[in-house]
Amino acid sequence: MGILIPPSINLIIYGLLYQYLGAETLPHLAGFVPGFLLALLFMGTVPVTCLIQPEFGGKPVHSSWRARLKSLVDLLPPLIQFMLFGLIYAGLATPTGAGALGVVCALVWRARPGRLDENAL
């Protein structure tokens, strides 16, 4: 999917092809159509792979709602890391600065009591 993120050369070529074919009103589809098709193909690989190799699907997991809600705390680090992209888009941080802040946040999260041991790194 990364090849379709502007200003990739593939997206430029797709745009030129759409323009050359007389579709001046639809150049935005040059990135959408291939990206959407690739997303569908990527999503389709999971069910096809699980049909061919059912053991890749894993085993059913049964848990209580209390355990599920308690496990939501583990979603905080990815959420914080994702929010660091907002600092870049808002112009409050450079990509390097946001990356450094992400590393510091990850280390602080991992260094909580009982979480940092010799196998953690």
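Reading the values: rules and limits
- Residues numbered from 1 in each chain as written.
- Predicted model: local features only at pLDDT ≥ 70, side-chain atom pairs only at ≥ 80, totals over all residues.
- Heavy atoms only, no water.
- Helix = DSSP H or I, 4+ residues; strand = E, 2+ residues; numbered from the N terminus.
- Axes fitted to C-alpha atoms, helices over the stretch in contact; angles between N-to-C directions.
- Parallel < 35°, antiparallel > 145°, perpendicular 65-115°, else oblique.
- Left-handed = near helix turned anticlockwise from the far one by under 90°.
- Contact = heavy atoms within 4.5 Å.
- Nonpolar A, V, L, I, M, F, W, Y, C, P; charged D, E, K, R; others polar.
- Expected span 1.5 Å × (residues − 1).
- Phe/Tyr/Trp six-rings, centres within 6.5 Å; stacked < 30°, edge-to-face > 60°.
- Lys NZ or Arg CZ within 6 Å of the ring centre and 35° of its normal.
- Patch = residues over 30% accessible without salt bridge, like charges linked within 9 Å, V, L, I, M, F, W, Y side chains within 5 Å.
- Areas by Shrake-Rupley, 256 points an atom, 1.4 Å probe, with all protein chains shown as cover.
- Salt bridge = Lys/Arg side-chain N within 4 Å of Asp/Glu carboxyl O.
- Buried < 20%, exposed > 50% of the residue type's maximum accessible area, 1.4 Å probe, protein only.

Enquirer: Break down the environment of Phe 82 for me, citing the residues and quoting the values.
Expert: With respect to the element layout, Phe 82 can be found in helix α4 (residues 76–89). Residues Phe 82 and Gly 102 lie 20 residues apart in sequence; the distance between their C-alpha atoms is 9.1 Å.

Enquirer: Which residues make up the packing of α4 against helix α5 (residues 95–110), and what values do they have?
Expert: As a packed pair, α4 and α5 sit with axes 9 Å apart at the nearest point and diverge in direction by 165°. With respect to α5, the axis of α4 lies roughly antiparallel. Read as a crossing pair, α4 and α5 show a hand that is right-handed. Between α4, through Leu 76, Pro 77, Ile 80, Gln 81, Leu 84, Leu 87 and Ile 88, and α5, the contact on the second element is made entirely by Pro 95, Ala 98, Leu 101, Gly 102, Cys 105, Ala 106 and Trp 109. In terms of residue class, the contact of α4 with α5 is built from 12 nonpolar, two polar and no charged.

Enquirer: Now, about α4: what can you tell me, with residues and values included?
Expert: A rise of 1.5 Å per residue sets the reference length of α4, with its 14 residues, at 20 Å; its end C-alpha atoms lie 20 Å apart and thus fit the reference within 8%. Gly 91, located one to two residues past α4, shows a positive phi value of around 80°.

Enquirer: An account of the packing of aromatic side chains is needed here, citing residue identities and associated values.
Expert: Following the criterion strictly, the structure yields one aromatic pair and no others. Taking NZ or CZ as reference, Arg 68 lies 4.5 Å from the ring centre of Trp 65, over its face.

Enquirer: Tell me what's going on with a nonpolar patch on the surface, and back it up with residues and numbers.
Expert: Together, Ile 9, Ile 12, Ile 13, Leu 16 and Leu 17 line one region of the surface with nonpolar side chains, adding up to about 470 Å² of accessible area. Structurally, Ile 12 is set in helix α1 (residues 9–20).

Enquirer: Tell me what's going on with the environment of Ala 98, and back it up with residues and numbers.
Expert: Mapped onto the elements, Ala 98 comes out in helix α5. Given a relative accessible area of 6%, Ala 98 falls into the buried group.

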